[in-house]
Each structure stands twice: as C-alpha cells, then as structure tokens.
Amino acid sequence: QVQLVESGGGLVQAGGSLRLSCAASGRTFNIYNVGWFRQAPGKEREFVAAIRGSTGRTYYADSVKGRFTISRDIPKNIVYLQLNTLKPEDTAVYYCAADRTLREPSPRAQEYDYWGQGTQVTVSS
C-alpha cells in the first residue's frame, strides 16, 4: 500500500513560483511512476507531468512545458513539482498519483493506483 501526501500549495501572483511536494510512505518512487494532475472547478482532472520510476525520465503536458519541472529525491521518497511563471489558468487543486506498473507513465488519471488528497494552487492576476 502507498500513501501520498501533497504540500506546498498556496496563493501566488501571476508570474510567481511555487514548489509542490509529494511524500510517499510504503513503496519507493524509484519503482513507481509518479504523476501530477490538476483539477479546476467545473473541469475534468488533467495531466500535468510525470516521472518514470525506473529511469527518471520526465513527461509534461504542453500547457506547462518550459514552466513546470518534475523531479524526485529517492532517499527522501519525495517527488517535487516546481511551478514557475504561474498564470491564473494554472489555478487548480493539484494531485500527485502513483502507478505501480513498470510501463511508461500515462497521462490518463484512471491508470494511476494511488492518489494524494490534493493541494490548492491559486494564482491571482
């Protein structure tokens, strides 16, 4: 069983930065793929970024490429999402999720087995 806890959300002005953390208990992130998703009010949950457990290769949605960076600290069992040059449209609840398979990370939320409770990111204009 894996438990995920996100932190680091908050209120920031457009153009600002935040760093989100996803801490895991149980199996380690050098085995599982980890993805970040976000959900804005009235919208579906959407893929933001992922990191492959076996290789550390990273994947990004086009909307965040060049602004967000996913990384991991394996000894600490934490995955980070650095959010730079934030825009009001980035406002959402951000979730981390873990996929216990060894395949390439999927952008589909239903492919992930474990989810955190989410952390709110609000970007003011």
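What you are looking at is a predicted structure, and each value in this text was computed from that prediction instead of being measured.

A. View of the pattern of salt bridges. All told, the structure shown has 9 salt bridges when counted by the stated rule. One salt bridge connects aspartate 90 with arginine 67, and the closest N-O pair in it is separated by 2.7 Å. You can see aspartate 90 sitting in the loop between β8 (78-83) and β9 (92-99) and its partner arginine 67 sitting in the loop between β6 (58-60) and β7 (68-73), a full 23 residues away along the chain. You'll find aspartate 90 and arginine 67 in the same group, each marked buried. For arginine 103, the salt bridge identified is with aspartate 99, shortest N-O distance 3.6 Å. The exposure class assigned to arginine 103 is partly exposed, which follows from its relative accessible area of 36%. Each of Arg38, Glu46, Arg67 and Asp90 takes part in one network of salt bridges that share partners.

B. Highlighting the pairing of strand β11 (residues 119-124). Covered by surrounding structure in β11 are Thr119, Val121 and Val123 only, the residues Gln120, Thr122 and Ser124 on the alternate face being uncovered. Bridge count between strand β2 (residues 10-13) and β11: 4 bridges; the pairing is parallel. The partner of glycine 10 across the bridge, within β11, is valine 121. Strand direction decides the pairing type here: β9 and β11, joined by 3 bridges, are antiparallel. Note on β11: the bridge partner recorded for tyrosine 94 is threonine 119.

C. Quick look at the state of the cysteines. The full count for this structure, using the stated rule, is 1 disulfide. Note on cysteine connectivity: cysteine 22 is disulfide-linked to cysteine 96, with sulfurs 2.1 Å apart. Note on the cysteine 22 and cysteine 96 pair: the S-S dihedral is about 65°, so by sign convention the disulfide is right-handed. Of this pair, cysteine 22 sits in strand β3 (residues 18-25) while cysteine 96 is found in strand β9, placing the two residues 74 residues apart along the sequence. Of the residues examined, cysteine 96 reaches a relative accessible area of 0% and is grouped as buried.

What counts, and where the lines are drawn
- Residues numbered from 1 in each chain as written.
- Predicted model: local features only at pLDDT ≥ 70, side-chain atom pairs only at ≥ 80, totals over all residues.
- Heavy atoms only, no water.
- Salt bridge = Lys/Arg side-chain N within 4 Å of Asp/Glu carboxyl O.
- Helix = DSSP H or I, 4+ residues; strand = E, 2+ residues; numbered from the N terminus.
- Buried < 20%, exposed > 50% of the residue type's maximum accessible area, 1.4 Å probe, protein only.
- Pairing = 2+ DSSP bridges.
- Disulfide = S-S within 2.5 Å.

Honestly, it's all geometry; don't read function into it.
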